[in-house]
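Letter by letter, the chains look like this.
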Amino acid sequence: MPPGITTLAADAPELSAANTGFMLICTALVMLMTPGLAFFYGGMVRVKSTLNMLMMSFISLGIVTILWVLYGFSLAFGTDVGSVIGWSSDFVGLSGIGVTELWDGYTIPTYVFAVFQLMFAVLTPALISGALADRVKFTSWALFITLWVTVVYFPVAHWVWGAGGWLFELGVIDFAGGTAVHINAGAAALGVILVIGKRVGFKKDPMRPHSLPLVMLGAALLWFGWFGFNAGSWLGNDDGVGAVMFVNTQVATGAAVLGWLAYEKIRHGSFTTLGAASGAVAGLVAITPAGGAVSPLGAIAVGVIAGVLCAMAVGLKYKFGYDDSLDVVGVHLVGGVIGSLLVGFFATGGVQSDAKGLFYGGGLDQLGKQAVGVFAVLAYSLVVSAVLAFILDRTIGMRVSEDDEVSGIDQVEHAETAYDFSGAGGGAAQRSTGPAPGSPAAPTNKKVDA
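As the structure is a prediction and not an experimental result, all values here were calculated from the model.

K.L.:
Just give me the short version of the overall build of the chain, but keep the residues and values in it.
P.N.:
Helices and strands together make up the secondary structure of the chain, namely 16 helices and 2 strands. For a compact globule of 450 residues, the expected C-alpha radius of gyration is about 22 Å, and the chain comes in at 24 Å, within 12% of that figure. Within the span of the chain, comprising 450 residues, buried residues form 55% of the whole. Long-range pairs, those at least 24 residues apart, make up 77% of the contacts in the chain between residues at least 6 apart in sequence. Both charge centroids of the chain, one from 20 positive and one from 28 negative side chains, sit 18 Å from each other.

Have a look at this one:
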């Protein structure tokens, strides 16, 4: 994202209606990604957990929005304090921001920048939820989101994108969230599942997706919204960098689909629908940090590498015994690490900045910076998230009971079910099972004497 990168274009001091309109559209696209994620995750779980999975994403839209307005924007993008956090009283409640006040160095209003960044803050904790399917109390999840964005996401966003943040100053390249969003969420997911444990029946019972069409719909919405997520992160459309990012987003995602499917065919003998959807998400994740630094050919390499390695990584949960329900670790953590590190190899030095990767004569300098960013965010999020989960688990409890998990978390936590078949074909069923017309047991219209 541009706040963490030295741009090549000169700053424009006047509000641009074109850039402002473009950014509002991108903001709406990023907002759509959270419902898209809800459908993607919702289709991947069993029927009895569908609504809970949807709600775990949707509740983030409510909670994080309010926290962002109250203090989140100030913590993430306020005046730097010690290179680890921000704070600006004018940003508290968004109360001190002028209607026409521009975000520093850009041609869009501060309000537009704030709401665009809000959508990233909303999506990131929602990503974590996929690792926790079937077994987490909804109240505990809501409280976890509140604590997590406050002590993990807001500070990490400042490190990476806030002026003065220590990774910002180091020169780590993260165009749209490889570290702050995907590694952050993936590491958090790993930290939480190590605390709360496995689902009942993990590695014993079949836990197949109940609706692959719903998965594909969610993946398509994510792919569509990701153009706003990535191209919008340049905060304008004046110098072509956002256009390069738009192209690279499409290219890397397509390449990752092919890479995942090729691995799947070789390893398991089939091209699966779930593999295609998962490959697309892996490519989107990997190109997120790298797309503003690489060429389209570099984007192909990023996508193929991410598709293959993420496909391999999703099986690690069975080898090591951690229950990452919907492969958040395998796709988002691993994909974010891959994309962030590959900047150090494929950065051309001719798009968003003059930083060059190893394959373009830049040596190991940028790769070293990327590695620092990757492992700092990974370690911080993993440890703090595990601590938060441990505290909640020991106080109010993170998990539903085993009986509730087996019977279905939708009914227990939400008093609803995703699909109601009680009236479907009822009349036909009764007609087919009732007595045949004219049989001795069939009703008759004849009057019966007492």
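K.L.:
Would you mind going over the environment of leucine 274 in detail, with residue names and values included?
P.N.:
Tracing the sequence through the fold places leucine 274 in helix H9 (residues 273-290). Residues in contact with leucine 274, not counting those within four places in the same chain, are Met44, Pro209, Leu212 and Val215.

K.L.:
Report on helix H10 (residues 296-313), specifying residues and quantitative values.
P.N.:
Structural remark: α-helix, 3.6 residues per turn; residues separated by three or four positions point the same way. Relative to the 26 Å expected for 18 residues at 1.5 Å per residue, H10 spans 25 Å between its end C-alpha atoms, a close match to the ideal helical length. When we look at burial in H10, the residues that qualify are Gly298, Ala299, Val302, Gly303, Ala306, Gly307, Cys310, Ala311 and Ala313. Here the buried face of H10 lies against helix H8 (241-268), H9, helix H11 (316-320) and helix H12 (328-346).

K.L.:
Go over unusual backbone geometry, please, and point to the residues and values.
P.N.:
Non-glycine residue aspartate 134 carries a positive phi angle of around 85°. By the element assignment, aspartate 134 lies in the loop between helix H3 (110-128) and helix H4 (138-161). Of note, alanine 415 is a non-glycine position whose phi angle comes to about 55°, a positive value. Summarising the element assignment, alanine 415 is placed in the loop between helix H15 (409-414) and helix H16 (426-433).

K.L.:
Summarise the packing of aromatic side chains; cite the residues concerned and give the values.
P.N.:
All chains considered together, the criterion is met by 26 aromatic pairs. Ring geometry for phenylalanine 40 against tyrosine 41: centres 6.0 Å apart, planes inclined by 40°, an arrangement best described as tilted. Judged by centre distance (5.0 Å) and plane angle (80°), the ring pair of phenylalanine 77 and phenylalanine 113 falls under edge-to-face. Pair noted here: phenylalanine 77 is in helix H2 (residues 50-77) and phenylalanine 113 is in helix H3, with a separation of 36 residues, a long-range link.

K.L.:
Give me the side chain of aspartate 327: which residues, what numbers.
P.N.:
Structurally, aspartate 327 is set in the loop between H11 and H12. In terms of polar contacts, aspartate 327 uses its side chain to reach the side chain of lysine 317, at 2.9 Å. Not counting chain neighbours up to four residues away, the residues in contact with aspartate 327 comprise Val314, Lys317 and His332.

K.L.:
I'd like to hear about the pattern of salt bridges, residue by residue, with values.
P.N.:
Counted according to the given criterion, the structure contains 8 salt bridges. Notably, a salt bridge pairs aspartate 134 with arginine 199, separated by 3.4 Å at the nearest N-O pair. Within this pair, whereas aspartate 134 is found in the loop between H3 and H4, its partner arginine 199 is found in the loop between helix H6 (178-196) and helix H7 (212-231), the two being separated by 65 residues in sequence. A residue is classified by how much of its surface remains accessible, and arginine 199, at 9% relative accessible area, is buried. Across the pair aspartate 365 and lysine 369 runs a salt bridge whose closest N-O atoms are separated by 3.4 Å. Of this pair, aspartate 365 and lysine 369 both sit in helix H13 (residues 365-395), 4 residues apart, which is roughly one turn of the helix. One network of salt bridges, with partners in common, ties together Arg46, Asp134, Arg135, Arg199 and Asp323.

K.L.:
Just give me the short version of the environment of glycine 339, but keep the residues and values in it.
P.N.:
Mapped onto the elements of the fold, glycine 339 is located in helix H12. Owing to a relative accessible area of 0%, glycine 339 belongs among the buried residues under this scheme. Counting along the chain gives 54 residues from glycine 339 to valine 285, while the straight-line C-alpha distance between them is 7.3 Å. Beyond its immediate chain neighbours, meaning those up to four positions away, glycine 339 contacts Ala286, Pro289 and Ala290.

K.L.:
Can you lay out the nonpolar core for me, pointing to particular residues and giving the numbers?
P.N.:
Counting 121 residues, the largest nonpolar core has Phe73 and Leu132 as the members making the most contacts within it. With 14 residues, H4 is the single largest residue contributor to this core.

K.L.:
How would you sum up a nonpolar patch on the surface? Please name residues and give values.
P.N.:
The grouping of Val84, Trp166, Leu170 and Val372 at the surface amounts to a nonpolar patch, some 290 Å² of accessible area in total. Its location among the elements puts leucine 170 in helix H5 (residues 166-170).

K.L.:
Describe the packing of H2 against H4, listing the residues and the values that go with them.
P.N.:
Running from amino to carboxyl end, H2 crosses H4 at an angle of 45°, the nearest separation of the two axes being 9 Å. Here H2 lies oblique to H4, going by the angle between them. When the axes of H2 and H4 are compared, the crossing they make is right-handed. Its residues assigned to classes, the contact of H2 with H4 comprises 19 nonpolar, 6 polar and no charged.

K.L.:
Lay out the packing of H4 against H13 with the relevant residues and their values.
P.N.:
Where H4 contacts H13, the two axes come as close as 10 Å, and the packing angle between them is 155°. As the angle between them shows, H4 and H13 are arranged roughly antiparallel. For H4 against H13, the interelement crossing comes out right-handed. Here Ser140, Leu143, Phe144, Leu147, Trp148, Val151, Val152, Val156 and Trp159 of H4 lie close against H13, whose contacting residues are Ala376, Val377, Tyr380, Ser381, Val384, Ser385, Leu388, Ala389 and Leu392. Grouping the constituent residues of the contact of H4 with H13 by class yields 15 nonpolar, 3 polar and no charged.

K.L.:
Would you mind going over the environment of leucine 123 in detail, with residue names and values included?
P.N.:
Inspection of the secondary structure assignment puts leucine 123 in helix H3. The exposure class of leucine 123 is buried, given its relative accessible area of 1%. Distance from leucine 123 to proline 35, taken between C-alpha atoms, is 9.3 Å for residues 88 residues apart in sequence. Ignoring any residue separated from it by four or fewer positions in sequence, one finds leucine 123 in contact with Met33, Thr34, Leu37 and Phe229.

Conventions we followed
Residues numbered from 1 in each chain as written. Predicted model: local features only at pLDDT ≥ 70, side-chain atom pairs only at ≥ 80, totals over all residues. Heavy atoms only, no water. Helix = DSSP H or I, 4+ residues; strand = E, 2+ residues; numbered from the N terminus. Rg over C-alpha atoms; globule rule 2.2 N^0.38 Å. Buried < 20%, exposed > 50% of the residue type's maximum accessible area, 1.4 Å probe, protein only. Contact = heavy atoms within 4.5 Å. Lys, Arg positive; Asp, Glu negative; His and termini not counted. Charge placed at Lys NZ, Arg CZ, Asp CG, Glu CD. Expected span 1.5 Å × (residues − 1). Phe/Tyr/Trp six-rings, centres within 6.5 Å; stacked < 30°, edge-to-face > 60°. Polar contact = N/O pair within 3.5 Å; in protein donor to acceptor, adjacent residues only side chain to side chain. Salt bridge = Lys/Arg side-chain N within 4 Å of Asp/Glu carboxyl O. Core = buried A, V, L, I, M, F, W, Y, C linked by side-chain atoms within 4.5 Å. Patch = residues over 30% accessible without salt bridge, like charges linked within 9 Å, V, L, I, M, F, W, Y side chains within 5 Å. Areas by Shrake-Rupley, 256 points an atom, 1.4 Å probe, with all protein chains shown as cover. Axes fitted to C-alpha atoms, helices over the stretch in contact; angles between N-to-C directions. Parallel < 35°, antiparallel > 145°, perpendicular 65-115°, else oblique. Left-handed = near helix turned anticlockwise from the far one by under 90°. Nonpolar A, V, L, I, M, F, W, Y, C, P; charged D, E, K, R; others polar.

Worth remembering: the numbers are spatial, not functional.
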